[in-house]
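Observations on chain architecture
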Amino acid sequence: MQSIIETPNLGPVAVSRRVTKHFSKFCDEDSAQGTSMVEDVLRSTDIERIEVPAAIAALIASKIDDPNALEFWVHRESSTVFLVKARENCRYVEMAMKTSMAVFEFENPKASP
């Protein structure tokens with residue numbers, strides 16, 4: 001069973017192996033360092049939930065039973081977007097990807113690069 005980590009913004013989360021592997025790529029494939037790195041990012045108070053555009057939200061709603069169960073979170077400093085699924089007792093961080101923050105529009109531009 002995956003361990004649950006406590007985070008200030010997302011609450012309790014479990015992290016997929018896919019996400020750990022993604023972060024391990026940035027530290028010579030060391031899974032322990034990858035795990036530590038992803039936990040540090042998820043525990044950051046700078047991570048924030050982003051709202052998807054209405055058209056994408058409608059597409060998601062047409063494809064899955066509970067569109068509110070799917071969330072997107074961004075950590076601007078590391079340029080990482082996370083796909084998160086709500087579960088009964090925690091959130092599940094299913095995917096992560098590095099991307100340019102220039103494509104996002106933030107309502108709170110405090111740390112926008």
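For the structure given in this document, a descriptive report is provided here. Note that the structure is a prediction, hence the values are computed from the model and not measured.

Moving on, we get to the packing of aromatic side chains. Applying the stated criterion across every chain yields a total of 2 aromatic pairs. Taking the centre distance of 6.5 Å and the plane angle of 75 degrees together, the rings of F23 and F26 count as edge-to-face. Residue classification places F26 among the partly exposed residues on the basis of a relative accessible area of 42%. Between the aromatic rings of F23 and F82, the centroid separation amounts to 6.1 Å while the plane-to-plane angle is 5 degrees, which identifies the pairing as stacked. You can see F23 sitting in helix α1 (residues 17–24) and its partner F82 sitting in strand β5 (residues 80–86), a full 59 residues away along the chain. Linked through ring pairs, F23, F26 and F82 together constitute an aromatic cluster.

Let us now look at the sheet that holds β5. The mixed open sheet is built from 6 strands, whose spatial order is β1-β2-β6-β5-β4-β3. Strands with a single pairing partner mark the edges of an open sheet, and in this sheet they are β1 (4–7) and β3 (48–50). Geometrically, the sheet is characterised by an average inter-axis angle of 40 degrees between neighbouring strands, direction not taken into account. Sheet contacts for α1: β2 (11–15), β5 and β6 (91–98); angle to β6, the most-contacted strand, approximately 30 degrees. Relative to the sheet, helix α2 (residues 31–43) contacts β1, β2, β4 (70–75), β5 and β6, its axis offset from that of β1 by approximately 35 degrees.

Structurally, the α-helix is built with 3.6 residues per turn, so residues lying three or four positions apart point the same way. Among all positions of α1, only V19, T20, H22, F23 and S24 are buried. Along its buried surface, α1 packs onto β2, α2, β5 and β6.

Further remarks concern the pairing of β1. Here β1 shows one buried face, formed by I5 and T7, and one open face, formed by I4 and E6. The hairpin turn running from β1 into β2, its antiparallel successor, is 3 residues long.

Let us now look at the environment of T7. As for its placement among the helices and strands, T7 is situated in strand β1. Between the C-alpha atoms of T7 and S44, which are 37 residues apart in sequence, the distance is 7.6 Å. Excluding its chain neighbours within four sequence positions, the residues that come into contact with T7 are V13, L42 and R43. Within polar-contact distance, the side chain of T7 engages the backbone nitrogen of L10 at 3.2 Å. A polar side-chain atom of T7 sits 2.6 Å from the main-chain carbonyl oxygen of G11.

Turning next to the pattern of salt bridges. Tallying each qualifying case throughout the model produces 5 salt bridges. The salt bridge partner of E48 is R76, with a shortest N-O separation of 2.8 Å. A residue pair is termed long-range when its members are at least 10 positions apart, and E48 in strand β3 and R76 in the loop between β4 and β5 qualify at 28 residues. Between E71 and R91 there is a salt bridge, and its shortest N-O distance comes to 2.6 Å. With a gap of 20 residues between them, E71 in strand β4 and R91 in strand β6 connect regions that are remote in the sequence. Looking at E71, the relative accessible area reads 5%, which means it is buried.

Reading the values: the criteria
Residues numbered from 1 in each chain as written. Predicted model: local features only at pLDDT ≥ 70, side-chain atom pairs only at ≥ 80, totals over all residues. Heavy atoms only, no water. Phe/Tyr/Trp six-rings, centres within 6.5 Å; stacked < 30°, edge-to-face > 60°. Buried < 20%, exposed > 50% of the residue type's maximum accessible area, 1.4 Å probe, protein only. Helix = DSSP H or I, 4+ residues; strand = E, 2+ residues; numbered from the N terminus. Pairing = 2+ DSSP bridges. Axes fitted to C-alpha atoms, helices over the stretch in contact; angles between N-to-C directions. Contact = heavy atoms within 4.5 Å. Polar contact = N/O pair within 3.5 Å; in protein donor to acceptor, adjacent residues only side chain to side chain. Salt bridge = Lys/Arg side-chain N within 4 Å of Asp/Glu carboxyl O.

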